[in-house]
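Here are the chains, one letter per residue:
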Amino acid sequence: MSNLIGVIGVGHLGRHHARIAALSSATLVGVFDLDQDRAREVASRWHVTAFETMEELLGAVNAVVVATPAGTHHAIAADALGAGCHCLVEKPLAADSNDGRALVTIARDRNLVLAVGHSERFNPAVERADALVARPLYLECTRLASFQGRGSDIDVVKDLMVHDLEIILNWVGEYPVDVRAVGVSVMTREVDIANARLEFPGGAVATLTASRVSLTPIRAVRVFQRGGYLSVDLKEKRIRMIRHSTAGLDVSEEIAEGPEPLKAEQDDFLAAIRTGNPPRISGEHGVRALRLAEEIVEDIHGRLERLGPE
Ligand code: NAD
């Protein structure tokens, strides 16, 4: 029997989740959004139900995608898991790591899948780089976005940098021993632009910059490892490899191809439900990235306090 899926929150991202679920191997039953007009608009596009309450939706499905603002993830996902629904929760898993851990515990106790929407891990360029990254010595991540107003209930580290934290934690395979960071608020009450330097126990170093107040959007990662380096443009899905060869520098370039990341992510979620194997980005992965984001923000605030008032 195919999974009966619902989407909670059909704003900027959730409407894409609804489209993908409607065209997937699962059956999209309906959507719920506090903004009823928005819910009706998305539901009518896919000929499904716009539920008037979340409880009604939870009673009609066995899996949900939660694509509401981060501050609501814990309460909504806890209700959904409590109602026996598998959950794919958008990143960040929750507003803080304690709430994230609580969701992991509920999912484990109820034997339900909890996957986290770190969709960049399903970006074809990142998947291609997964095969090329061996033992990174230095990683540099740049993620600059223009100000949209969305996501401003949390800081830019949990909102955007968390994508890169999840990617590099996976590549390095260790958790940092030292975290240094700076950041400032520009447009919101939270940190809007941040830079972090992480040192890993095996000697690798990573620097990350994330901004939601930039004029030119960039999503890029560079990885130095013995014998060469890799430059990945996540937006263009372009990978450049620069290696040493007997003839000098060997430079190659390719454009990675693959399914839309949100589709790959939903397929992985559905496969986890079907097989009982963990999803690629589990609740535990979501908590780990969130905990590191919190350490970065703690260092930023500590530094701002030491600087004193303006
Ligand atoms: P958005 O503001 O465009 O949409 C959020 C929607 O949730 C709105 O329609 C709002 O009415 C609804 N909503 C708010 N509270 C609700 C509640 N309690 N119950 C039901 N509906 C509720 O925001 P967005 O940009 O779509 O972001 C949503 C989530 O997706 C966030 O967690 C964000 O971090 C994540 N996101 C992920 C990516 C990615 O690349 N994976 C990209 C963008 C956003």
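Since the structure is predicted, the reported quantities are computational estimates derived from the model, not experimental observations.

Visitor: Whenever I open this one, the nonpolar core confuses me. Can you help?
Guide: As a rule of thumb, soluble globular proteins bury nonpolar side chains together. In this structure, Val157, Met161, Trp171, Leu198, Leu208, Leu230 and Ile296 are the most contacted members of the largest nonpolar core, which totals 41 residues. Among residues more than four places away in sequence, those in contact with Val157 are Val162, Ala194, Ala293, Ile296, Val297 and Ile300. Core analysis: the second largest hydrophobic core is formed by 29 residues, Val61, Val89, Val116 and Ile281 among them.

Visitor: Please explain the pairing of strand S13 (residues 238-245) as it appears in this structure.
Guide: Judged from the 6 bridges that link them, strand S12 (residues 228-233) and S13 form a sheet pairing that is antiparallel. What sits directly across from Val232, in S13, is Ile239. Hairpin connection of S12 to S13: 4 residues between the antiparallel strands, including Lys237 at a positive phi of 60°. Bridge count for S13 against strand S14 (residues 248-255) is 8 bridges, and the pairing is antiparallel. Of the residues in S14, the one forming a bridge with Ser245 is Gly248. Where S13 hands over to S14, the hairpin turn is made up of 2 residues, counted between the paired strands.

Visitor: Would you mind showing me how to read the pattern of salt bridges here?
Guide: Note that side chains of opposite charge can pair when their charged atoms are close. A full pass over the atoms with the stated rule returns 27 salt bridges. In this structure, Lys91 and Asp159 form a salt bridge, with 3.4 Å as the shortest nitrogen-oxygen distance. Here Lys91, found in the loop between strand S5 (86-90) and helix H5 (97-110), pairs with Asp159, found in helix H7 (residues 156-172); they are 68 residues apart in sequence, far enough to count as distant. Here Asp159 falls in the buried class, since its relative accessible area comes to 11%. For the salt bridge of Asp233 with Arg238, the shortest nitrogen-to-oxygen distance reads 3.6 Å. Through salt bridges with shared partners, one network takes in Lys91, Asp159, Asp192 and Arg212.

Visitor: What am I meant to see in the sheet that holds strand S6 (residues 114-117) here?
Guide: Think of a sheet as strands paired side by side through backbone hydrogen bonds, with each pair either parallel or antiparallel. Within the open sheet, the 6 strands sit side by side as S3-S2-S1-S4-S5-S6. Their pairing is parallel. Bordering the open sheet on either side are strand S3 (49-50) and S6, each of which pairs with just one other strand. Here helix H8 (residues 261-275) sits on the sheet in contact with strand S1 (4-8), strand S4 (63-66), S5 and S6, set at roughly 155° to S5.

Visitor: Can you help me understand the site of the ligand in this one?
Guide: Taken together, 21 residues form the shell around the ligand, and within it His12, Leu13, Asp33, Arg38 and Lys91 come nearest. At a separation of 2.9 Å, an oxygen atom of the ligand approaches a polar backbone atom of His12. Within the backbone of Lys91, one N or O atom sits 2.8 Å away from an oxygen atom of the ligand. Split into classes, the residues belonging to the shell around the ligand amount to 7 nonpolar, 8 polar and 6 charged.

Visitor: Whenever I open this one, H5 confuses me. Can you help?
Guide: For an α-helix, 3.6 residues make a turn, and residues three or four places apart therefore share a direction. Taking 1.5 Å per residue as the helical rise, H5 with its 14 residues ought to reach 20 Å, and the 20 Å between its terminal C-alpha atoms agrees with that figure. Residues of H5 that are buried include every one of Ser97, Gly100, Leu103, Val104 and Ala107, and no others. The buried residues of H5 all sit within an arc of 115° when viewed along its axis, so they share a single face. In H5, the exposed positions angled more than 90 degrees off the buried face are occupied by Asn98 and Asp109. Contacts from the buried residues of H5 go to helix H4 (70-82), S6 and helix H9 (283-307). Between the side-chain oxygen of the N-cap and the backbone nitrogen of Asn98 there are 3.0 Å, and the N-cap of H5 in question is Asp96. The positive-phi residue at the C-terminal boundary of H5 is Asn111, with phi of around 60°.

Parameters and conventions
- Residues numbered from 1 in each chain as written.
- Predicted model: local features only at pLDDT ≥ 70, side-chain atom pairs only at ≥ 80, totals over all residues.
- Heavy atoms only, no water.
- Core = buried A, V, L, I, M, F, W, Y, C linked by side-chain atoms within 4.5 Å.
- Buried < 20%, exposed > 50% of the residue type's maximum accessible area, 1.4 Å probe, protein only.
- Contact = heavy atoms within 4.5 Å.
- Pairing = 2+ DSSP bridges.
- Helix = DSSP H or I, 4+ residues; strand = E, 2+ residues; numbered from the N terminus.
- Salt bridge = Lys/Arg side-chain N within 4 Å of Asp/Glu carboxyl O.
- Axes fitted to C-alpha atoms, helices over the stretch in contact; angles between N-to-C directions.
- Near = heavy atom within 4 Å.
- Polar contact = N/O pair within 3.5 Å; in protein donor to acceptor, adjacent residues only side chain to side chain.
- Nonpolar A, V, L, I, M, F, W, Y, C, P; charged D, E, K, R; others polar.
- Expected span 1.5 Å × (residues − 1).
- Arc of directions from axis to C-beta.

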